[in-house]
Amino acid sequence: MNGLSERFDPGFVWGAATSAYQIEGATSEDGRGASIWDTFCAQPGRTFRADSGEVAVDHYHRWPEDVALVRDLGLGAYRFSVAWPRIQPDGRGPAEPRGLAFYDRLVDGLLEAGIEPWPTLYHWDLPQALEDAGGWPVRDTAERFADYAAIVADALGDRVANWTTLNEPWCASFLGYGAGIHAPGRTEPAAALAASHHLHLAHGLAVPRLRERVPGAKVGITLNLYAISPADDTGRHDDAVRRIDGLMNRWFLDPVLLGRYPQDVLDDVAGVGGTDVIRAGDLATIAAPLDFLGVNYYSRHVVAAGPWPGASEVDFVERDWPKTASGWDIDPVGLGEVLAQVHRDYPPLPIYITENGAAFDDVVGPDGTVEDHDRIAFVAGHLAALADAIDAGVDVRGYFAWSLLDNFEWAEGYAKRFGIVHVDFDTLVRTPKASARWFAELARASSTKERS
Ligand code: IFM
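Calculation notes
Residues numbered from 1 in each chain as written. Predicted model: local features only at pLDDT ≥ 70, side-chain atom pairs only at ≥ 80, totals over all residues. Heavy atoms only, no water. Helix = DSSP H or I, 4+ residues; strand = E, 2+ residues; numbered from the N terminus. Near = heavy atom within 4 Å. Polar contact = N/O pair within 3.5 Å; in protein donor to acceptor, adjacent residues only side chain to side chain. Areas by Shrake-Rupley, 256 points an atom, 1.4 Å probe, with all protein chains shown as cover. Salt bridge = Lys/Arg side-chain N within 4 Å of Asp/Glu carboxyl O. UniProt positions renumbered as here; feature names shortened; annotations may be inferred. Contact = heavy atoms within 4.5 Å. Buried < 20%, exposed > 50% of the residue type's maximum accessible area, 1.4 Å probe, protein only. Disulfide = S-S within 2.5 Å. Phe/Tyr/Trp six-rings, centres within 6.5 Å; stacked < 30°, edge-to-face > 60°. Axes fitted to C-alpha atoms, helices over the stretch in contact; angles between N-to-C directions. Parallel < 35°, antiparallel > 145°, perpendicular 65-115°, else oblique. Left-handed = near helix turned anticlockwise from the far one by under 90°. Nonpolar A, V, L, I, M, F, W, Y, C, P; charged D, E, K, R; others polar. Pairing = 2+ DSSP bridges.

## Here's the deal with unusual backbone geometry
Then, in step 1: The omega torsion of the bond from Ala183 to Pro184 falls at 5 degrees, within 30 degrees of zero and hence cis.
Then, in step 2: Along the polypeptide, Pro184 turns up in the loop between α8 (169–179) and α9 (189–213).
Then, in step 3: Following Trp402, the chain continues to Ser403 via a peptide bond in cis, the omega torsion being 10 degrees.
Then, in step 4: Within the secondary structure layout, Ser403 lies in the loop between β9 (396–402) and β10 (421–423).
Then, in step 5: You will see that Glu168, though not glycine, has its phi angle at about 50 degrees, which is positive.
Then, in step 6: Mapped onto the elements of the fold, Glu168 is located in the loop between β4 (162–167) and α8.

In structure tokens:
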């Protein structure tokens, strides 16, 4: 382990992460309503091989086995998401007791196993009924989210301390309503911007509702942040860097942590529309004080000015660089850059890496094992960069591997395996990969400070 474990404090949180739609399955059980992902997956051509989360990895029924896996790996924390359509099938109104009971059992099971539950309230599975009423581009969705957050807090707040409102609002808004490659599959740039604002508002409205109900709650939000760099150092591409950093990082960091949208991005998108939904007072709500920032880091984008002088287009440059099976550059240095940016430009706040990991084309050996040394190298490289950032003064307190299990990778269906635990998608048998054993040993050695 080359001394890696010794670079983290004994109190550092080691965990693994999942999300509801990617693992639960049982989409029609116990009163669950339809989500935008059920609808999206049913539309031809939206996901690889028309895959969906209908069965996923059947975590809804196999959760005791999955909790036991986390326990056996010796991880202290498990990050999961609550499916809004299980709690309020139509996104509004009274709670569905069977949906709440599922998370109740899960939280109890985690605590009995000595694992800290880290729920996220929204990981992209909006109730379809709310999308039918306009979805995230409509302000009412933010109000409905705050009500839903209050219901979950009332049910679990006596046992759950760490709460994350949203996972990756960039994906939910820009991929879902702009690029259309995620549910609900809309390609309306103005709606994407409006959606991003209402996601921020939903977060800001939910924070006090959580705090009222859960004394001592630690509340945060998870953002996916990217390292952005220019295609060369001539200075010609610096404005492309500014634009993309603005849209991918600062558009989400600034409102939540500074209480304002970046003026340069507002100027960039002035002709797009959608920002007229921002009302006086919204930003004060959105900037509700937080206890932590969740950072999901996967890769870097290298950008270049578009071909026409003076035009605003940006090219994303393909580098000849080692890549994951998702085609993403393996760039641990970027994690350090992202953390340095947050540290430099925003008020101090504890940070947790709530996701980091990689898809690789895992090979199952004749004995059923998966020797995923590429994934071990990926995680080790990122943890070394993380330790450097901590040494440089960034307050990072935990790391969650994405993902505990191979699962439904959204538009990529089951083609991309991110798990540290292999899942046979036919039999649903779980088998820890070499990376799980390595990660468990690192967590154990770090927590006990024994030499690895
Ligand atoms: O699988 C996703 C997860 O749902 C959100 N963050 C990125 C992961 C890998 O694409």
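Having seen it, we continue.
## Examining the site of the ligand
Then, in step 1: The full set of residues close to the ligand is Gln22, His123, Trp124, Asn167, Glu168, Tyr298, Trp328, Glu355, Trp402, Glu409, Trp410 and Phe418.
Then, in step 2: In the model, a nitrogen atom of the ligand is placed 2.5 Å from a nitrogen or oxygen of the Glu355 side chain.
Then, in step 3: Separating an oxygen atom of the ligand from a side-chain N or O atom of Glu409 is a distance of 2.5 Å.
Then, in step 4: If the ligand stood free it would expose 280 Å²; the protein chains cover 95% of that surface.

## Focus: the pattern of salt bridges
Side chains that carry opposite charge are capable of pairing whenever their charged atoms lie near each other.
Then, in step 1: With the rule as written, the count across this model stands at 44 salt bridges.
Then, in step 2: Salt bridges linked by common partners bring Asp239, Arg242, Arg243, Asp245, Arg250, Asp264 and Asp268 together as one network.

## Things to note about the UniProt feature "binding site: substrate" (unreviewed entry) in the protein
Then, in step 1: UniProt's feature table lists "binding site: substrate" (unreviewed entry) at Gln22, His123, Asn167, Tyr298, Trp402, Glu409 and Trp410, given in the numbering used throughout.
Then, in step 2: Mapped onto the elements of the fold, Gln22 is located in helix α1 (residues 20–23).
Then, in step 3: What Gln22 contacts, discounting residues up to four positions off in sequence, is Ala56, His123, Trp402, Asn407, Phe408, Glu409 and Trp410.
Then, in step 4: Position of Trp410 relative to the elements: it lies in the loop between β9 and β10.
Then, in step 5: Those residues within four positions of Trp410 in sequence are excluded, and the remaining contacts are Ser19, Tyr21, Gln22, Trp37, Thr47, His123, Trp124 and His182.
Then, in step 6: A distance of 3.5 Å separates the side chain of Trp410 from the side chain of Gln22, its partner in a polar contact.

## What to know about the UniProt feature "active site" (unreviewed entry) in the protein
Then, in step 1: Mapped onto the present numbering, the UniProt feature "active site" (unreviewed entry) falls on Glu168 and Glu355. A maximum C-alpha distance of 10.4 Å is found for the annotated residues, which run over 188 residues; spatially they form one tight group.
Then, in step 2: Excluding residues that lie within four positions of it along the chain, Glu168 makes contacts with Trp124, Thr222, Asn224, Asn296, Tyr298 and Glu355.
Then, in step 3: Topologically, Glu355 is positioned in strand β8 (residues 351–356).
Then, in step 4: A relative accessible area of 4% places Glu355 in the buried class.
Then, in step 5: Once residues lying within four places of it in the same chain are set aside, the contact partners of Glu355 are Arg79, His123, Asn167, Glu168, Val295, Asn296, Tyr297, Tyr298, Phe400 and Trp402.

## Here we look at the state of the cysteines
Then, in step 1: Taken as a whole and assessed by the stated rule, the structure comprises zero disulfides.
Then, in step 2: The closest cysteine sulfur to the non-disulfide-bonded Cys41 is located on Cys171, 15 Å from its own sulfur.

## Observations regarding the packing of aromatic side chains
Then, in step 1: Counted under the stated rule, the structure contains 40 aromatic pairs.
Then, in step 2: The interplanar angle of 85 degrees and the centroid separation of 6.3 Å between the aromatic rings of Trp84 and Tyr122 together place this pair among those described as edge-to-face. In this pair, Trp84 is assigned in helix α4 (residues 84–87) and Tyr122 in strand β3 (residues 116–122), connecting sequence segments 38 residues apart. Tyr122 shares its class with Trp84; the two are buried.
Then, in step 3: Three or more aromatic residues joined by ring pairs make a cluster, and in this case those are Tyr21, Trp37, Phe40, Trp124, Phe408, Trp410, Tyr414 and Phe425.

## Section: the packing of α8 against helix α10 (residues 238–258)
Then, in step 1: At their nearest, the axes of α8 and α10 sit 10 Å apart, and the two run at 125 degrees to each other. Comparing the axis directions of α8 and α10 gives the class oblique. Judged by the sense of rotation from one axis to the other, the crossing of α8 with α10 is right-handed. Taken together, the residues of α10 that come into contact with α8 (itself represented by Pro169, Trp170, Ser173 and Phe174) are Leu247, Met248, Trp251 and Phe252.
Then, in step 2: Among the residues making up the contact of α8 with α10, the classes are represented as seven nonpolar, one polar and no charged.

## Examining the pairing of β9
Then, in step 1: Buried residues dominate β9, accounting for six of its seven residues.
Then, in step 2: The pairing of strand β1 (residues 13–17) with β9 spans five bridges and is classified as parallel. Across the sheet, residue Trp14 finds its bridge partner in β9, namely Tyr399.
Then, in step 3: Here β8 pairs with β9 via four bridges, running parallel. By the bridge assignment, Ile351 is partnered in β9 with Val396.

## Re α8
Then, in step 1: With respect to burial, α8 is a largely interior element, nine of its 11 residues being buried.
Then, in step 2: All buried positions along α8 are accounted for by Pro169, Trp170, Cys171, Ala172, Ser173, Phe174, Leu175, Gly176 and Tyr177.
Then, in step 3: The first or second residue beyond α8 is Gly180, which carries a positive phi of 75 degrees.

## Things to note about the packing of helix α13 (residues 332–345) against helix α14 (residues 373–391)
Then, in step 1: Relative orientation of the contacting elements α13 and α14 amounts to 30 degrees, with a least axis distance of 8 Å. Relative to α14, α13 is oriented roughly parallel. For α13 against α14, the interelement crossing comes out right-handed. On α14, the residues touching Pro332, Leu335 and Leu339 of α13 are Gly381, His382, Ala385, Leu386 and Ala389.

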